[in-house]
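Observations on chain architecture
Residues per chain are reported as follows:
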Amino acid sequence: MSNYPKATEERSKELLENVNHILDQITSVKSPNGRPVNLVCVSKLKPSSDIMALYDAGFRHFGENYVQELVSKAQELPKDIKWHFIGGLQTNKCKDLATRIDNLYAVETIDSIKKANKLNSSRDASKPKINVFIQVNTSGEEQKSGISSYDDLLALAKVIKNDCPNLTLKGLMTIGSIQQSTAAGERNKDFDQLTAHNEKLESDLGTTLELSMGMSSDFEQAIRQGSTSVRVGSSIFGARPPRNGH
Ligand SMILES: *Cc1c(COP(=O)(O)O)cnc(C)c1O
């Protein structure tokens, strides 16, 4: 018998209903390229017992925003979970991510050569490579992280591909503006921008890349515009508690 944290039967049922509803929505939307869409369950600020309820139903991709929280959840939960770090990343936290989570599947918020190099140099070559998404600031909002210009994006992508043997360039990621995500019935300009950058980058590098875009409020539109990985939190787990002091 395992000692993993366990949700109540009622909570498990609720989570499974929610996640199955999201899966239904994902399959009912037409993706332009016909590629499969991966669901990342964003469990930040939610208890490990919630994660286990979904894990027991076969889900493996979970997203977290805070390094400390991710490290402690990764320590107590099964080692075949595929963790995605999707939070704002400081260079001085790259080492913790690289060294303390062997089953770190992806870091989705790389936006500088410095961070890529730090993550790469801290990762032991004997451990699985870390998939990396380059975060693109598609909305031009100053408070958002991410790379804005295509030239910077290409330069970073080349460094990851050529100089970072412990990383794998997996794709591009955007968060997009709230305004775009709630503009009903229209194409989302942030998603269009990410897709445009991606087409150029794929052709310049000669590789196929993933697109991580779409959250609870806009994942269906994101899939219509080519997303291959959606990050859904509150529609599965419910509203989040405020983070300490925020
Ligand atoms: C919190 C978060 C999500 C999930 O947001 P929801 O609106 O709860 O689905 C997705 N992506 C990032 C980068 C996040 O920080």
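Residues numbered from 1 in each chain as written. Predicted model: local features only at pLDDT ≥ 70, side-chain atom pairs only at ≥ 80, totals over all residues. Heavy atoms only, no water.

Section: the pattern of salt bridges
Defined as follows: Salt-bridge detection follows one rule: a side-chain nitrogen of Lys or Arg within 4 Å of a carboxyl oxygen of Asp or Glu. Numbering of helices and strands runs from the N terminus, with a helix taken as a DSSP run of H or I at least four residues long and a strand as a DSSP run of E at least two residues long. For every residue, the accessible area obtained with a 1.4 Å probe (protein chains only) is divided by the maximum for its type, and the residue is called buried under 20%, exposed over 50%, and partly exposed between those limits.
Inspection of every chain in the model, using the stated rule, returns 11 salt bridges. A salt bridge links Arg60 to Asp80; the shortest N-O distance between them is 3.3 Å. Taken together, the residues Arg60 in the loop between α2 (48–56) and β2 (61–64) and Asp80 in the loop between α3 (67–76) and β3 (82–85) connect sequence positions 20 residues apart. Residue Arg60 is classed as partly exposed on the basis of its relative accessible area of 24%. One salt bridge connects Asp102 with Lys127, and the closest N-O pair in it is separated by 2.9 Å. Separated by 25 residues along the polypeptide, Asp102 in the loop between α4 (94–100) and β4 (104–110) and Lys127 in the loop between α5 (113–122) and β5 (130–135) bring together distant segments of the chain. Under the relative-accessibility criterion, Asp102 is labelled partly exposed at 42%. You can call Lys127 partly exposed: its relative accessible area is 23%. Among the charged side chains, a salt-bridge network with shared partners connects Arg11, Glu14 and Asp50.

Focus on α2
Inclusion rule: Whether two residues are in contact is decided by their heavy atoms, any of which lying within 4.5 Å being enough.
Of all the nine residues making up α2, eight are buried; the element is thus mostly covered by neighbouring parts of the structure. Elements in contact with the buried residues of α2: α1 (9–28), β1 (38–42), β2, α3, β3 and α10 (234–237). Directly beyond the C-terminal end of α2, a positive phi value near 105° is found at Gly58.

A closer look at the layout of surface pockets
For clarity, the cut-off: Any residue with an atom within 4 Å of a point lines the site, the site being either a cavity, points on a 1 Å grid over the protein atoms alone where a 1.4 Å probe fits but cannot get out, or a pocket, an open set with protein on both sides within 12 Å along at least 5 of 7 lines. Grid points are joined across faces, edges and corners, and a volume is the space filled by probe spheres set on the points. By the convention adopted, Pro, Cys, Tyr, Trp, Phe, Met, Ile, Leu, Val and Ala count as nonpolar, Lys, Arg, Asp and Glu as charged, and the other residues, Gly among them, as polar.
A volume near 580 Å³ is recorded for the largest pocket. As for the largest pocket, its lining consists of 25 residues, and the residues nearest its centre are Lys44, Lys144, Ile175, Met215 and Arg231. Among the residues forming the lining of the largest pocket, the class breakdown is six nonpolar, 14 polar and five charged.

A closer look at the site of the ligand
To be explicit about the condition: Definition of nearness: a residue and a molecule or strand are near each other if at least one heavy atom of the residue lies within 4 Å of the molecule or strand. N or O atoms within 3.5 Å of each other form a polar contact, as long as, within protein, one can give a hydrogen and the other can take it, and as long as residues adjacent in sequence are counted only when both atoms are side-chain atoms. Under the convention used here, a 1.4 Å probe and the Shrake-Rupley method define accessible areas, while residue burial counts only the protein chains that appear. Molecules are considered to sit inside a cavity or pocket once more than half of their atoms lie within 2 Å of its grid points.
Around the ligand, 13 residues are found, and the nearest of them are Lys44, Asn65, Ser216, Gly233 and Ser234. Here an oxygen atom of the ligand sits 2.8 Å away from a polar atom, N or O, in the side chain of Arg240. Across the complex, the protein chains shield 90% of the 390 Å² of accessible surface that the ligand would expose by itself. Judged by its atoms lying within 2 Å of the grid points, the ligand is housed in the largest pocket. Its residues assigned to classes, the shell around the ligand comprises six nonpolar, four polar and three charged.

A few points about the packing of α1 against α2
Our working rule: Axis geometry follows a simple rule: fit a line to the C-alpha atoms, using only the stretch in contact for helices, then measure angles between N-to-C directions, giving values from 0 to 180 degrees. When an angle is under 35 degrees it counts as roughly parallel; over 145 it counts as roughly antiparallel; between 65 and 115 it counts as roughly perpendicular; any other value is oblique. With the far helix as reference, a near helix turned anticlockwise by less than a right angle produces a left-handed crossing, and one turned clockwise produces a right-handed crossing.
Running from N to C, α1 and α2 point in directions that differ by 60°, and their axes come no closer than 9 Å. Classed by the angle they form, the pair α1 and α2 counts as oblique. As α1 packs across α2, the resulting crossing turns out to be right-handed. For the pair formed by α1 and α2, the contact residues are Arg11, Ser12, Leu15, Leu16 and Val19 on the first element and Asp50, Ala53 and Leu54 on the second. Tallied by class, the residues present in the contact of α1 with α2 amount to five nonpolar, one polar and two charged.

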